[in-house]
Amino acid sequence: MSAAQGSSYKQDILALTAEPDRRYALPLLLAAAVLSAVLVFAALGDWIIASGFAAAVIGLAGLAYAVRPAEPAIIATRELPPDWSIVRAAANSAGMGLAVTDQAGKLVCASDLYGEWFPGWPAPSALPFAADQVVALVQAGRLAASDGEGRCDGLAHGALRLEAHVARTGRADDYLIWHFQPVRQSSVMEDFGRMISGEVGAQLGDAGIMAAIIGSEGRIRSTNDAFLMRALGRADAELNGRDFAEFFRRDDQGRIFFEREAMSTLPVAVFRVLLKNDQPDGPALILLVDQPGDATLGGSSLSYLQGLMALLPFGIAMADRDGRLLFLNNVFARAANVPDGQKPTYPGDLVVAEDQAALASAVRRYAVGPQMSGDIAVRLRNQPEEPVAFSLAGVRGLGEAAVMLTLKDDNEEGRLKRQVAQATKMQAVGQLAGGVAHDFNNILTAIIGHCDLMLMRHTPGDSDYDDIQHVKSNSNRAASLTRQLLAFSRQQTLRPQVIQLPDIVSDVSSLLKRLIGENVRLEVTHGRNLGHVRADPGQIEQVIVNLAVNARDAMPDGGTVSIQTFSVTAGQAREMRSTVLPAADYTGLRISDTGNGIPPEILPKIFEPFFTTKEVGKGTGLGLSTVYGIVKQSGGYIFAESEPGRGTSFTVYLPVHTAGVEEKEPASIKSAPPSRGNWGTGTILLVEDEDMVRAVAERALARQGYTVHTASDGEQGLERLAELGQVDLLISDVVMPNMDGPAMVRQARAARPDLPVLFMSGYAEEQLRKSIDMENVSFLPKPFSVAQLSEAVSECFARAAENHAGA
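Let us look at the structure shown here. Counting of residues starts from 1 at the beginning of each chain's written sequence and follows it residue by residue. Residue-level local features of this predicted model are given only where pLDDT is at least 70; pairs of side-chain atoms are given and counted only at 80 or more, and the full residue set underlies all totals for whole chains, interfaces and linings. Values reported for side chains reflect all heavy atoms of the structure, with hydrogen atoms and water molecules removed beforehand.

Time to look at the packing of helix α15 (residues 501–516) against helix α16 (residues 537–553). Axes, fitted as lines to C-alpha atoms, cover a helix only where it is in contact. Angles between the N-to-C directions of the axes lie from 0 to 180 degrees. For helices the rule is a DSSP run of H or I covering at least 4 residues; for strands it is a run of E covering at least 2, with both sets numbered from the N terminus onward. Interhelical geometry of α15 versus α16 gives an angle of 40° and a closest axis separation of 10 Å. One finds that α15 runs oblique with respect to α16. Relative to α16, α15 is oriented so that their crossing is right-handed. The residues of α16 that touch α15, namely those facing L501, I504, V505, D507, V508, L511, L512, L515 and I516, are P537, I540, E541, I544, V545, A548, V549 and R552. Each angle receives one of four descriptions, namely roughly parallel if under 35 degrees, roughly antiparallel if over 145, roughly perpendicular if within 65 to 115, and oblique otherwise. Note on convention: near helix rotated counterclockwise from far helix by under a right angle means a left-handed crossing. Clockwise means right-handed. By definition in these notes, contact holds between two residues if any of their heavy atoms fall within 4.5 Å.

Printed below as a string of C-alpha cells:
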C-alpha cells in the first residue's frame, strides 16, 4: 500500500466517524418552543403559563442533548491484503499439496509440493489431468464456492494418484483452498498380507493353522509366525521373496512334509485359496494344517506328539514293541550320525555289532510290563571309539509307540574336547621342541661341522664323498624338522634375514608349479621400488606354499593362482583407514585364486586353530593358523577377502626394514659362502659349554689360520681372557651354565670396551634380542656349517678393521 493510498484511507475513516452537522439545531429548538407557547396560550389564554411551558421545552431539549447516548461509530472494515507467505510456509511444513485461488479461479498461492507435482504452477482448472477429471475438479470448485465444500476423487497424473478437497474460506468467503492428497494404492494381496502377518495370522497360528501369501511366480510375500516356526524353526526369520516350494518335500505316497523335518513322518494338508478368481495361476493364500490320524504312526495324538518332539532341542526317537523305529527327530539323527534322508529300521542299526543284542533286549524289556526308564551304554557304529548313553523309557497309550529313546547330541561337546586336547597336545609339543631346540641344534652343529671338515679332505668322485654328503643332507633335514615342529605349534623360532620378497617368490615358483597341478595356471607379477623386509625366508616360503595349496584346493576344476608383490607407502596405509594396520611403509604379498570363495559367515574363523572346511582326514585346520602365526611373528599383518563364486585373496603386509648405521643391505639371500682358501689371521677366544661344538669350531677356525683359545663356560672365559695378552674376537654361546654369554661379555667389556663379540645359539636371535642388545655384537644361529662360521668370523674382523680405521 502506497503513502498516498494510506492518507486517503485515513481521511475516509475520519469522514465516516465525524459527528452530524449542528448548524440547524438552535433555530429548530426556538421554533419548537414558540410553537408550544402559542398552543398553550390558545388553550388556556394565559401568557405566563405559555411562556413557562416554552422555557420548560427549551430546558428539556437542552438537557436531552447534553445526556444523549454516543452514536455508534461507523468505521469501515476495509480489509488489508492477506499475507500468503504464512499460508505457504504452513503448507510446506506440513508437506501438503495446497493451492489457493480467488473466486475467479486465479491461483494466488501454492505450496512447494504442488509445484513439484505440477511444474509451471498452473491453476487447478488447468492441471494436466484427463478431460473428464478436469471437469469433475472444476465442478468440485464450483460446489465449494456455493456450498462451502467440494470433493473430487480419482485424479491421475502419470504414476501419481490424487484426491482433491476444496473448501471456501476468507472473511468474505472470496477464496478457495484446494488440498490435493496422494492415494495409497492397495491390492488384495497387500491387504491379505497385512492380515496374515498381523493379528489375524497370530489367531490362525494359535489354532494350529500355518498361512502364507504367495505371488503368481510362486514366491512368498507374507507369512504368519506359525509358518516360520515350522519352515525355519524361528519366528524372527525373513522369507519374503523366497520360493515357496523349497520348504517342502513329497514322499512316494504323495504326502507333503516340511523340508527341514527330514526325519518327520507328520505330513501337512495344503489348501490354496485364489485371491483373484480370474487368475488361476495368480496370487494365492496358502493354508497348511497337520494331517491328523496318520495310520502309520498310530493316530492323531501320536502325530501331534511327534510334531512337538521334532522341535525339542534334544534327541528323541520312538520304537514299537518289536523294536522298530517309528520316529526320530533331527537332533537324534545328528547325535547318532544318521546320514541325511536315511532312517534306520531298528535302534540296533545305529550301534556296533557287539552292542546290538544288548540294545535290542533293553528295548523289548522296556516295551512290556510296567512303565520304567533307564540308561544303557553303547558305541555308535559311526563313532565306535567313544561310548554314548541311550536313555530308554516305556510309554503307553500312544498306539504302536511303546519305547522312547533319547540321545544327547554331544558332537559339539566332543568337538570342543578334541580341540582342547589338540591344543594341549600342540602346546606340549611346542614346549618340548623349545626345550630341546638348544641341545638338538648343538648336536646338529657338530654333525654338520664334522661333515664339512671331512669334505675338505675328499674330492667329488671319492668313495666317501657321497656318503658324507648324504649325512650332511640328512642333518640339514633334521635342522628343518625343528623349525617345522615349532611352526605347527605356533611357537616357531625364526631366523630372520633382510630379504626381498620377489627373491623368495622366484625360489618357490618352480615348486608351486608342481604342487598346483597342470589344470591350474600360475601368474606372478612384481611391483617396483619394493623395500627390504626382515623375515625368515624358509617361513615365508611356507606361507606362500600353504596359501597356494589352499587356492588349488578351492579350484577343483582348474583356474588361476595369482601371486603379486607390491609396495605400500605410509600414506596409502593411512588411506585404508584400517583399525588393525598402522600407518607405515610395507611390502605387500597378495595370493589370489578364481575358486569357489569363502562364505561370509566362515571368513572370520579361517585363522582359528583347528578350523577347516575340508573333509575329515583331508585337513588339520592348522595351515592358515600357521600362516597367521608366521606373519604375526614376523611383525606383519594378513587379511583375507572373498566373494562366494568369485575367488579369495590373501594379502600379507610386512613392514619395510630400515638398515642400521653399521648394517649393510645384502645383495641376495643366496650369496655364495667364502671359499675354503680364504685364510685369516688373529687371536680368537672360543667359549662353548658343549665339547663337540667347541671341538669342531676350534678345528674349523684353526684350519682357516686363526689362533684359537677355548673355554667351557663364562667364568673360565673371563679367566682365559685375563691370561691372554691380545684377543681380537670373542666367540661365545649365549646360554651356558654358571655364567651365560651376555653376562661374561659385559664384564669383559669393562676392561676391553672395543672387544668384538660373535654370539652363537640354538635359540633364534629374536628370542635373545633383549639379552644380547649390545654394541659391536654379531649373531650366528645354530646349526651352522664351517663355511657359515668362517664367513661370520671374517665379517667380524672386517667390521673391527673398519671401526679401527675410522677411529
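The discussion continues.
The next point concerns a nonpolar patch on the surface. Nonpolar side chains (Val, Leu, Ile, Met, Phe, Trp, Tyr) within 5 Å and like charges within 9 Å form the patches, drawn only from residues with over 30% relative accessible area and no salt bridge. For the accessible areas, the method is Shrake-Rupley and the probe is 1.4 Å, while residue cover comes only from the protein chains on display. Only one rule defines a salt bridge in this text: a Lys or Arg side-chain nitrogen within 4 Å of an Asp or Glu carboxyl oxygen. A surface patch of nonpolar side chains, about 280 Å² in accessible area, is lined by I443, I447, V471 and M692. Tracing the chain through its elements places I443 in helix α13 (residues 411–456).

Before going further, it helps to examine the packing of aromatic side chains. Between two aromatic rings, the relevant description is the distance of the centres plus the angle of the planes. Between the rings of Phe, Tyr and Trp (Trp by its six-membered ring), a pair exists once the centres lie within 6.5 Å; its type follows the angle of the planes, with under 30 degrees stacked, over 60 edge-to-face, and the other angles tilted. If you walk through the whole model with that rule in mind, you get 17 aromatic pairs. With a centroid separation of 5.0 Å and an interplanar angle of 75°, the aromatic rings of W84 and Y175 are classed as edge-to-face. Of this pair, W84 sits in helix α4 (residues 84–93) while Y175 sits in strand β5 (residues 175–182); the two residues are 91 residues apart in sequence, bridging distant segments of the chain. An angle of 65° between the planes, with centres 5.9 Å apart, marks the rings of F639 and Y653 as edge-to-face.

Looking now at the environment of I630. Relative to the helices and strands, I630 is located in helix α18 (residues 623–633). When the C-alpha positions of I630 and A535 are compared, they lie 9.2 Å apart, and in sequence the two are 95 residues distant.

Contact pair helix α20 (residues 714–723) / helix α21 (residues 741–751): the axes reach a minimum separation of 9 Å and the direction vectors enclose 20°. Taken together, the axis directions place α20 and α21 in an arrangement best described as roughly parallel. Of the two elements, α20 crosses α21, and the hand of that crossing is right-handed. Together, G714, G717, L718 and L721 of α20 and M744, Q747 and A748 of α21 make up the contact between the two elements.

Attention shifts here to the sheet that holds strand β1 (residues 97–102). The five strands are arranged β2-β1-β5-β4-β3 in an open sheet whose pairing can be described as antiparallel. Two strands in the sheet have a free side with no partner beyond their single neighbour: β2 (107–110) and β3 (149–157). Adjacent strand axes in the sheet meet at a mean angle of 20°, parallel and antiparallel pairs treated alike. Here the rule is simple: two strands pair whenever DSSP picks up at least two bridges between them. As defined by bridge partners, β1 adjoins β2 across three bridges and the pair is classed as antiparallel. Bridge assignment links V100 to a residue of β2, and that residue is C109. With respect to the sheet, α4 is in contact with β1, β2 and β5, its orientation differing from that of β2 by roughly 40°. Of the strands in this sheet, β3, β4 (160–169) and β5 are in contact with helix α6 (residues 131–147), which crosses β3 at around 165°.

Inspection of every chain in the model, using the stated rule, returns 16 salt bridges. Between D173 and R168 there is a salt bridge, with the nearest N and O atoms lying 3.8 Å from each other. Type-normalised accessible area, obtained with a 1.4 Å probe on protein chains alone, sets the label of each residue: buried when under 20%, exposed when over 50%, and partly exposed for intermediate values. Residue D173 is classed as partly exposed on the basis of its relative accessible area of 35%. Residue classification places R168 among the partly exposed positions, given a relative accessible area of 28%.

Here we take up the nonpolar core. Most often, soluble globular proteins keep nonpolar side chains buried together rather than apart. For the purposes of this section, nonpolar cores are sets of buried Ala, Val, Leu, Ile, Met, Phe, Trp, Tyr and Cys residues that join through side-chain atoms within 4.5 Å. L512, I540, I544 and I563 are the most contacted members of the largest nonpolar core, which totals 35 residues. Broken down by secondary-structure element, the contributors of at least two residues to this core are α15, β18 (520–526), β19 (533–535), α16, β20 (559–568), β21 (586–593), α18 and β23 (647–655). Here this core takes eight residues from α16, the largest share from any one element. The contact partners of I540, leaving out residues within four places of it in the chain, are I499, L501, I504, A535 and L654.

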